[in-house]
Amino acid sequence: MARELWDACDREGNPLGFDLVRGEPVPVGVWHLVAEIYSVTRDGRVLVTKRHPDKSWGGQWEITGGGVRKGETPLEGARRELREETGLAVRDLRPVYVQNRGDTIYHCFLAVFDPAEQTIRLQEGETVDWRLLPYAAFKEFLMTDAFVDTIRRRFLDHQEAFDRLLAEYLE
């Protein structure tokens, strides 16, 4: 299997001119980028996927996301991750927030899709199940132990932004 390379970045996300290798320690004072995507249907249901049992947080539920590869922008990484993990091809990704946590800079996006026009296809080895939850039910489910806690914390830090964006779409 080929090594996945990431751009080493400064705290603001600017490339530092050298590579990081997924799975290897990130040097102190260096960050890497991760794209997270909240996929929402036109009627306000949120897509959640269940992690493969062999992965970290195995068997827990999450939203789509992953490392931004070397040479990609966060937006390009978000589109790729969404396509790989769910089969969804979405042009319009709206930025929700950027947050630094540890050695990671999270770029979060909102994608709106129509499940009647696209089929959700799970990526083998990544996810094993999916659900579409109404936004209120999603927020309740997010608070359970079945959901990845680190994603929960980032969502709660930015819940007002999500509420505002979804209210715009559901008007």
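Reading guide: rules and limits
Residues numbered from 1 in each chain as written. Predicted model: local features only at pLDDT ≥ 70, side-chain atom pairs only at ≥ 80, totals over all residues. Heavy atoms only, no water. Helix = DSSP H or I, 4+ residues; strand = E, 2+ residues; numbered from the N terminus. Rg over C-alpha atoms; globule rule 2.2 N^0.38 Å. Buried < 20%, exposed > 50% of the residue type's maximum accessible area, 1.4 Å probe, protein only. Contact = heavy atoms within 4.5 Å. Areas by Shrake-Rupley, 256 points an atom, 1.4 Å probe, with all protein chains shown as cover. Lys, Arg positive; Asp, Glu negative; His and termini not counted. Charge placed at Lys NZ, Arg CZ, Asp CG, Glu CD. pLDDT = per-residue confidence, 0-100. Salt bridge = Lys/Arg side-chain N within 4 Å of Asp/Glu carboxyl O.

Enquirer: Looking at this structure, how should I read the overall build of the protein?
Expert: The helix and strand inventory of the protein stands at four helices and nine strands. The linear arrangement of helices and strands in the protein, starting from the amino end, is β-β-β-β-β-β-α-β-β-β-α-α-α. Rg of the C-alpha trace for the protein: 16 Å, near the compact-globule value of 16 Å for 171 residues, within the 12% margin. For the protein, the C-alpha atoms occupy an extent of roughly 45 × 30 × 30 Å along the three principal directions. Per-residue burial over the protein gives 49% buried out of 171 residues. A sequence separation of at least 24 residues applies to 62% of the contacts in the protein between residues at least 6 apart. Carbon together with sulfur atoms contributes 49% to the accessible area of the protein, which is approximately 9,000 Å² in total. Placing the 23 positive and 30 negative side-chain charges of the protein at their respective mean positions leaves the two points 1 Å apart.

Enquirer: Can you walk me through the confidence of the model for the protein in this structure?
Expert: The predicted coordinates of low-pLDDT regions are not to be read in fine detail. Averaged over every residue, the pLDDT of the protein is 93; the share at 70 or more is 98%. Across the protein, the element-wise mean pLDDT spans from 89 in helix α4 (residues 159-170) up to 98 in strand β5 (residues 61-62).

Enquirer: Quick question: what am I supposed to make of the environment of F113 here?
Expert: Structurally, F113 is set in strand β8 (residues 104-113). Linking F113 and V90, residues 23 residues apart in sequence, is a C-alpha distance of 6.9 Å. Among all residues touching F113, those that are not within four sequence positions of it are S39, V40, T41, R42, L88, V90, Q118, I120 and L132.

Enquirer: For this particular structure, what's the right way to read the pattern of salt bridges?
Expert: Opposite charge on two side chains permits pairing when their charged atoms draw close. In the structure shown here, the tally under the stated rule is 14 salt bridges. Of the charged contacts, one joins E62 and R51 as a salt bridge, the two residues approaching to 2.7 Å between their closest N and O atoms. Remark: R51 occurs in strand β4 (residues 45-51) and E62 occurs in strand β5; sequence separation between them is eleven residues. Judged on exposure class, the residue E62 and its partner R51 are both buried. Among the ionic pairs, R94 bridges to D92, the shortest N-O distance being 3.4 Å. Taking relative accessible area as the criterion, R94 reaches 34% and is therefore assigned partly exposed. Beyond isolated ion pairs, a larger network of salt bridges with shared partners links R69, E72, R80, E81 and E84.

Enquirer: Help me understand the side chain of E81, please; the structure alone is not making it clear to me.
Expert: Along the polypeptide, E81 turns up in helix α1 (residues 74-86). Excluding its chain neighbours within four sequence positions, the residues that come into contact with E81 are I37, T64, G65, G66, G67 and T86.

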